[in-house]
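# Residue-level structural notes
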Amino acid sequence: MPLHSTQDLQRLLKQAGTEVKPIAEALQQATDLLYQSFTPEAPADLLVRQKSDFVDQVLTHCFDEFFGNPCQDSVSLLAVGGYGRAELLPASDIDLLLLLAKPPSKALQEKISRFLTFLWDIGLEVGSSVRTLKECAREGKNDVTVITNMIESRLITGDEKLYQKFEYAISPKKMWASPVFFAAKMEEQKVRHLRYNDTAYNLEPNIKEGPGGLRDIQVIGWVAKRHYGAKNLKELVDHGFLTEQEYQALIDGQTHLWRIRFALHRLTGRREDRLLFEYQRQLAEIFGYQGDENNQAIEQFMQRYYRTIMELERLNEMLLQLLNQEIIYKRFFNKKEQLNDDFTLLNGYVEANGENVFINNPGALIEIFILMQGRPDIHGPHAQTIRLIRQSLYLIDDDFRSDPAINELFMRFLRSSVGIIHQLRRMNSYGVLAAYIPAFEAIVGRMQYDLFHAYTVDQHTLFVIRNLRRFSVEEHRHELPLCNQIHDGLEKPVLLYLAGLFHDIAKGRGGDHSVLGAEEAEAFCLQHGMNRKDTRVVSKLVRMHLLMSTTAQRKDISDPDVIHEFARNVSSESMLDYLYLLTVADIRATNPKQWNNWKDALLRDLFLKTRKVLRKGLENSLDIDEIIQENREAACEVVSRTQVEHDEVEQLCTDFPGDYFLHHQAEQIAWHVLSILQNYDNLPTVEIRQSAHTRSTELFVYSRNTEQVFARVVGVLNSINLDILHADIYTTRDDQTLDTFIIQNAHGEPITDRHDIEQIRTTLLQALQSETAPQFAITQRMPRQLKAFNMPPDIEFNQDIVNRRTIMVILAVDRPGLLYSIADAISQYGLQVTNARIATLGERVEDIFYLCDENHQAVRDENLLATLKQHLLDLLETDFQAA
């Protein structure tokens, strides 16, 4: 029977009785109708209540069938949790409580069992509990989660008087008085937020449980309802707890999240609360977003989502603070301190002295944040003051932004030695930062659809400034001692913080965001009374903020010409100091998984080499031969401290190519020499150590040279789930290969376990000694997130004639075993890898291979390169589809 109305359902249920099939079909039909009626503009509150109303009718019918009508036993059927609020999405669990007046008889137990089994048979996914009134009271007293579930209850059908007794038994008069309940829910929320990294801006946020999600709205409701006895959020307006605007903001935010969650259930066909990568693009299409080259549809969709939860986070903070004042402080504390004419400190919160404070003194919108700097005893603005700040944002107009006195206040704020980052976060949360720097508004909540950038642009920016500030804090000196040492010597740290604030401010506009951001930074600095010299420093830092990272990770920083070119661009030692600190802070704030000891070592080496060049003078730089000779002599000096004969070392080093000494530190060369001489009659040699210089795991291979050595080493490492960060491959004059690899485990950590190291060494020796090419099984499955990306691979070749090599650059989506596939293909064409720079940037790889032919010359055969390119493109496409 088609369902068109409540009457249709009633007739169907009456005819069906306890027959499973027609009721199950009706439930499925109702769900299908809900899905069909969904549009991005559909009233979400109506959709969630329609499902609840429908389930109410089905449950009432089933209850009557199994317990009788009227029911002969004292039993109440209660909806609890989200169902108790009459909020059911299509795939939501249906939480029920069967409330009994006394322990059930065997006959009643049998009824209950058959009733619950029937519900599952007809397709209702119920979460049920069966408790007596006394059991409810006992369980509720012991567990805040249980009492929270029960206070959301409503009677579906059954004994109404029993339900009234239940309501009284769990009331604040009997258990969980407002202050105790409030404290418990605050602790619960704190733990929940930490579980989601204490940020709502994760790449794959949880709509329900994450900070700013639906659960945060519910927490406000639970605590306020417990205190005021209200039944819904609307009643809290009547109690004066919520303003009409705040109530509407909560409802608007809830409605938007409901729509997304509804669409997510519809898309997946199950209860799913995570905005996973594989759904984000489809959801953006469902909600009608249209992308362009500078702003993808998915980025627009997610920016709307992030801005929604940012507003809900702010409301959660403000309203719970109001409750804290009402429930806790108002009763037990009343500590006041006059801060100035505009503000008073009340119980640790800054309170505005009247509703016209910001109208009479607009600069107080900046001054309040200065007052909170350096005062750890201040918890933040009072909730009423947050309201007032939000209501006064219209005062931050062009006249406000160009007022010299206010400009000086903001610069004073940034020059403070304490409290900058905490207050910047508040400025961002309350909308002050975006109002004061209009360009910042465009990056609030803006995400980049990739796995490399883990945070929205505004959150990333604040993390960069946090990292920069940590370089000035003694307790963090052990993390990056060189950075702290450099920061100690900065003449004007505020220039660094301004560069951090503006470095990504032009993301998403089109064009080069570094250039556009530099223009924004220059205008801001001049507006704020900074001299031309300091303004140029900030502007240049923003324009060049990617230079050091790309140079260190994509160029050969052992090449003096690379260092000289970089030094020429940087131009001064002070600019190098600023740029190094900004680069480290930026990478560490992009994605915690992207920073490692190897990147630290690369940037540090680039910094130290460039500083050396700048101190000597650009016109006095060392040439390659001088560096080779210096490194060779230094290595021989290290080896001379051992029992090895000097002549043996000299004879061995004579066979090493000059480039080898250019690319290795003295102690690294000494390690290689000693490893070879100690195993000279038992090749190949495989050694593994923890490098003191790079604080990462180094693998050294010395073997008879064949084009397959690189492929075999990579195959072994890929097959045991190890990552290669860098590779240096050289061939000696007596046709041996000197290969050095920087490796790490799948968690991005050095390999330190002795058993693991010995297993790697043994497996590599077996592969290198094998007469036939080993077959490597790549057992690691492709990560789910990577499957959401389908970037076509790109390969290009460039000739480096001076260094007699061909440079191959590969851009592709990452996947397990990718590097081995590339290495194996290269070896099939008889080519050798002399150097490799491996960079994994989230979902994509940007790998650079330096190739030579069998004569150790650049590959000049254009047909061979074209064939290799097509072979690799086909391989990468096929392997990605298979994964």
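Everything that follows concerns the structure shown earlier in this document.
Position numbers for residues count from 1 along each chain, tracking the sequence in the order it is written. Side-chain atom pairs in this predicted model are given and counted only at pLDDT of 80 or more, local residue features only at pLDDT of at least 70, and totals for whole chains, interfaces and linings cover all residues. Hydrogens and water are ignored here; the side-chain numbers use all heavy atoms of the structure.

### Thoughts on the sheet that holds strand β4 (residues 154-158)
As summarised here, the arrangement of the four strands in space is β3-β2-β1-β4, forming an open sheet in which the pairing is mixed. The sheet is open, and its two borders are formed by β3 (126-132) and β4, each paired with just one other strand. Ignoring which end each strand starts from, the neighbouring axes of this sheet average 25 degrees apart. Pairing between strands requires that DSSP locate at least two bridges from one strand to the other. The helix and strand labels rest on DSSP assignments: H or I over at least four residues marks a helix, E over at least two residues marks a strand, and numbering proceeds from the N terminus. Where strand β1 (residues 75-79) lies against β4, four bridges are found, and the strand directions are antiparallel. In the sheet register, Ala79 faces β4, and the bridge partner there is Arg154. Note on definitions: a residue-residue contact is assigned when non-hydrogen atoms from the two residues lie within 4.5 Å. In this description, a line fitted to the C-alpha atoms serves as the axis of each element, helices being fitted only across the stretch in contact, and the angle between N-to-C directions of two axes falls anywhere from 0 to 180 degrees. The sheet strands contacting helix α3 (residues 44-67) are β1, β2 (94-100) and β4, and the helix crosses β4 at an angle near 30 degrees. Where helix α5 (residues 106-121) meets the sheet, its contacts fall on β1, β2 and β3, and the angle it forms with β2 comes to roughly 170 degrees.

### Details of helix α30 (residues 573-590)
For α30, spanning 18 residues, the distance from its first C-alpha to its last is 26 Å, which sits close to the expected 26 Å at 1.5 Å a residue. The buried label goes to any residue with under 20% of its type's maximum accessible area, the exposed label to any with over 50%, and the partly exposed label to all in between, with areas taken from a 1.4 Å probe on protein chains only. Of all the 18 residues making up α30, 15 are buried; the element is thus mostly covered by neighbouring parts of the structure. Expected helix span is given by 1.5 Å per residue-to-residue step, counting one fewer step than there are residues.

### A closer look at the sheet that holds strand β7 (residues 349-352)
One open sheet holds the four strands; their spatial order is β5-β6-β7-β8, and the pairing between them is mixed. Since the sheet does not close on itself, it has two edges, and those belong to β5 (336-338) and β8 (380-381), each with one partner. Across three bridges, the pairing between β5 and strand β6 (residues 343-346) is antiparallel. Residue Lys336 lies in a different strand from β6, and its bridge partner there is Leu346.

### Here we look at the packing of aromatic side chains
Under the pairing criterion, centres of Phe, Tyr and Trp rings, with the six-membered ring standing for Trp, must be within 6.5 Å; the plane angle then separates stacked pairs below 30 degrees from edge-to-face pairs above 60, leaving the rest tilted. Applying the stated rule across the entire model yields 30 aromatic pairs. Ring plane angle 90 degrees and centroid distance 6.2 Å describe the contact between Phe63 and Phe115, whose orientation is recorded as edge-to-face. On the criterion of sequence distance, the pair formed by Phe63 in helix α3 and Phe115 in helix α5 is long-range, its members being 52 residues apart. On the basis of relative accessibility, which here comes to 0%, the residue Phe115 falls in the buried class. Look at Phe343 and Phe358: their rings are 6.1 Å apart centre to centre, the planes differ by 50 degrees, and that puts the pair in the tilted class. Of the two residues, Phe343 sits in strand β6 while Phe358 sits in helix α15 (residues 357-360), which places them 15 residues apart along the sequence. Through pairs of rings, three or more aromatic residues link up here, namely Tyr35, Phe38, Phe262, Phe287, Tyr289 and Phe301. Between the NZ or CZ atom of Arg226 and the centre of the ring of Phe181, over which it lies, the distance is 5.7 Å. Geometrically, a lysine NZ or arginine CZ counts as sitting over a ring once it is within 6 Å of the ring centre and also within 35 degrees of the ring normal.

### A closer look at the pattern of salt bridges
By definition here, a salt bridge exists when the distance from a side-chain nitrogen of Lys or Arg to a carboxyl oxygen of Asp or Glu is within 4 Å. A full pass over the atoms with the stated rule returns 41 salt bridges. Here Glu474 ties to Arg477 by a salt bridge, and the two come within 3.0 Å at their closest N and O atoms. Since its relative accessible area comes to 55%, Glu474 is described here as exposed. Taking relative accessible area as the criterion, Arg477 reaches 24% and is therefore assigned partly exposed. Here Arg568 makes a salt bridge to Glu565, at a shortest N to O gap of 2.7 Å. Here Glu565 and Arg568 lie together in helix α29 (residues 560-570), a separation of three residues that amounts to about one turn. On the basis of relative accessible area, Glu565 is assigned to the partly exposed category, the value being 35%. When salt bridges that share partners are traced, they join Arg85, Glu87 and Glu152 into one network.

### Re the environment of Ile505
With respect to the helices, strands and loops of the structure, Ile505 is situated in the loop between α25 (493-502) and α26 (513-527). As a C-alpha pair, Ile505 and Ile260 span 245 residues in sequence and 28 Å in three-dimensional space. Ignoring anything within four residues of it in the chain, the contact list for Ile505 reads Ile437, Ala439, Phe440, Ile443, Gly517 and Glu520.

### Notes on the pairing of strand β14 (residues 805-813)
The side chains of a regular strand alternate, residue by residue, between the two faces of the sheet. Judged by how many residues are buried, β14 sits mostly within the fold: eight of nine residues are covered. Inspection of the sheet shows strand β13 (residues 794-800) paired to β14 by seven bridges, in the antiparallel sense. When the sheet's bridge partners are listed, Glu796 is paired in β14 with Val809. Across eight bridges, β14 lies against strand β17 (residues 844-852) in antiparallel orientation. Within β17, the residue paired with Met808 across the bridge is Phe849.

These values are about where atoms sit, not about what they do.
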